[in-house]
Amino acid sequence: MQVELIVPTPETVQTQYRGLIWLAARTCYSPKTPQSLWKSFLAGEIPDESVMRTIQHVVSSGHHSVLEHLNFTFAVSGVSRVLTHQLARHRHISLSQQSQRYVGSHDAELVIPPSVAKHPHLEPLWRTHYENYIQLKQHMQEAGIEPEDIRFFAPQGQTTNFLMTANLRALVDICKLRLCTLAQWEIRKLFKEIRKTLGRIDPIYYQILTIKCVWHGYCDEERNKNGWCKIRPYRPAKSVELSHSTPTSEHPAGK
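1. Considerations on the packing of aromatic side chains
Applying the stated criterion to the full structure yields seven aromatic pairs. Between Tyr133 and Phe153, the ring centres sit 5.5 Å apart and the planes meet at 75°, which makes this aromatic pair edge-to-face. With Tyr133 in helix H6 (residues 123-142) and Phe153 in the loop between helix H7 (147-150) and strand S4 (159-167), the pair connects residues that are 20 residues apart, well separated along the chain. Assessed through its relative accessible area of 7%, Tyr133 is described here as buried.

2. A few points about the packing of helix H8 (residues 168-178) against helix H9 (residues 185-201)
Packed helices, taken two at a time, are described by the angle between their axes plus the distance between the axes. Running from N to C, H8 and H9 cross one another at 130°; their axes reach a closest spacing of 10 Å. Compared by their axis directions, H8 and H9 come out oblique. Helix-helix and strand crossings are classified by hand; for H8 and H9 the assignment is left-handed. Residue-level inspection shows Leu171, Ile174, Cys175 and Arg178 of H8 in contact with H9, the latter providing Ile187, Arg188, Phe191 and Leu198.

3. What about the pattern of salt bridges?
Summed over all chains, the structure comprises eight salt bridges. The shortest N-O distance in the salt bridge between Arg18 and Asp202 comes to 2.6 Å. Of the two residues, Arg18 sits in helix H1 (residues 10-29) while Asp202 sits in the loop between H9 and helix H10 (204-208), which places them 184 residues apart along the sequence. The salt bridge involving Arg127 is made with Glu123; its shortest N-O contact spans 3.1 Å. Of the two residues, Arg127 and Glu123 both sit in helix H6, four residues apart, roughly one turn of that helix. Each member of the salt-bridge network shares a partner with another, and the members are Lys212, Asp220 and Glu221.

4. Quick notes on the pairing of strand S2 (residues 71-80)
In this sheet, S2 lies alongside strand S1 (residues 2-7) in antiparallel orientation, the contact comprising five bridges. Residue pairing across strands places Leu5 opposite Phe74, the latter belonging to S2.

5. Structural notes on the nonpolar core
Counting 52 residues, the largest nonpolar core has Phe72, Phe74, Leu168, Phe191 and Tyr205 as its most contacted members. In this view, Leu168 contacts Ile21, Leu67, Leu70, Phe72, Tyr205, Ile208 and Leu209; residues no more than four positions away in its chain are not counted. Residues Val116, Tyr130, Tyr133 and Ala154 belong to the second largest nonpolar core, which totals seven residues.

6. Re H8
For H8, a buried count of eight out of 11 residues is recorded, marking the element as mostly surrounded by other parts of the structure. Here H8 has its buried residues at Leu168, Ala170, Leu171, Val172, Ile174, Cys175, Lys176 and Arg178. Its side-chain oxygen at 3.0 Å from the backbone nitrogen of Arg169, Asn167 defines the N-terminal cap of H8.

7. Notes on helix H2 (residues 34-42)
Among the residues of H2, Leu37, Trp38, Ser40 and Phe41 are the ones counted as buried. Seen along its axis, H2 keeps its buried residues to an arc of 160°; they face one direction. Residues of H2 that are exposed and point over 90 degrees away from its buried face: Gln35, Lys39 and Leu42. Those residues of H2 that are buried are in contact with H1 and helix H3 (48-61). Just downstream of H2, Gly44 is the residue with a positive phi angle, here 75°.

8. What to know about the sheet that holds strand S3 (residues 93-97)
Pairing is antiparallel across the open sheet formed by four strands, whose spatial order is S1-S2-S4-S3. In this open sheet, the two strands that pair with only one neighbour each are S1 and S3. Strand after strand, the sheet turns through a mean of 20° between neighbouring axes, direction not considered. Strands S2, S3 and S4 of the sheet are contacted by H8, whose axis makes an angle of about 120° with S4.

9. Overview of unusual backbone geometry
Of note, the amide linkage connecting Val7 to Pro8 takes the cis form, showing an omega dihedral of 0°. A positive phi angle is found at His92, which is not glycine, with a value near 65°. With respect to the secondary-structure elements, His92 resides in the loop between helix H4 (81-87) and S3.

10. Details of a nonpolar patch on the surface
Judged by side-chain polarity, Ile6, Val7 and Leu163 come together as a nonpolar surface patch covering roughly 230 Å² of accessible area. Its location among the elements puts Leu163 in strand S4.

11. Comments concerning the environment of Ile93
By the secondary structure assignment, Ile93 is in strand S3. A relative accessible area of 16% means that Ile93 is categorised as buried. For the pair Ile93 and Met164, spaced 71 residues apart in the sequence, the C-alpha separation amounts to 6.8 Å. When residues no more than four places from it in sequence are discounted, the contact partners of Ile93 are Leu87, Met164, Thr165, Ala166, Ala170 and Ile174.

Calculation notes
Residues numbered from 1 in each chain as written. Predicted model: local features only at pLDDT ≥ 70, side-chain atom pairs only at ≥ 80, totals over all residues. Heavy atoms only, no water. Phe/Tyr/Trp six-rings, centres within 6.5 Å; stacked < 30°, edge-to-face > 60°. Helix = DSSP H or I, 4+ residues; strand = E, 2+ residues; numbered from the N terminus. Buried < 20%, exposed > 50% of the residue type's maximum accessible area, 1.4 Å probe, protein only. Axes fitted to C-alpha atoms, helices over the stretch in contact; angles between N-to-C directions. Parallel < 35°, antiparallel > 145°, perpendicular 65-115°, else oblique. Left-handed = near helix turned anticlockwise from the far one by under 90°. Contact = heavy atoms within 4.5 Å. Salt bridge = Lys/Arg side-chain N within 4 Å of Asp/Glu carboxyl O. Pairing = 2+ DSSP bridges. Core = buried A, V, L, I, M, F, W, Y, C linked by side-chain atoms within 4.5 Å. Polar contact = N/O pair within 3.5 Å; in protein donor to acceptor, adjacent residues only side chain to side chain. Arc of directions from axis to C-beta. Patch = residues over 30% accessible without salt bridge, like charges linked within 9 Å, V, L, I, M, F, W, Y side chains within 5 Å. Areas by Shrake-Rupley, 256 points an atom, 1.4 Å probe, with all protein chains shown as cover.

Here you go:
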């Protein structure tokens, strides 16, 4: 797996992205125009402490709409289609993925899960199955079967590449779920790499991009009911009581 930040440049992240969060928040409450606020920031007239207080406030208060102004584009390669199927379930991200219809897969490798790789007698069987697929694919091609139909039996473990653009709010929401110890190993590895990539540029992202239990102070995942993950103590989530009746002033939703 290779993960690279394409845009913005590290310099832009370091010099402007904290300022963008500050600008978005201040625009909501300041009589000044966003143009004048931004000029003040670029001129170094806003103390770093003031910028950080604003960021701390909006992040801690859950006012995450201001994070949507920060966009990141990552190039990702050498991952399985198992991962991209999971990634497509998330919202507010843009994906451009290598096509199995138009791109030959003769150079594609196979992602071997760690659980398989640790068994010496299983990995050869895994690879043999993949080699059989390659041979069958060749027979299909010789018979004139179109690539768009051959891909119907392509292994999900075959490697693929994609470009992903997401704003910071989307990354926060995804990391809350995918950095969890209960997340599937490959997509968890991807977002660990994304967090590490941004954190190396600006340490603030190590704090912003984290697991939901760190945000909430407790874990509400039922699969952690026995408390095997010790990052945060398990606490059952509060259930919402549903009713067929129309909300009134007596119901919280009607107030």
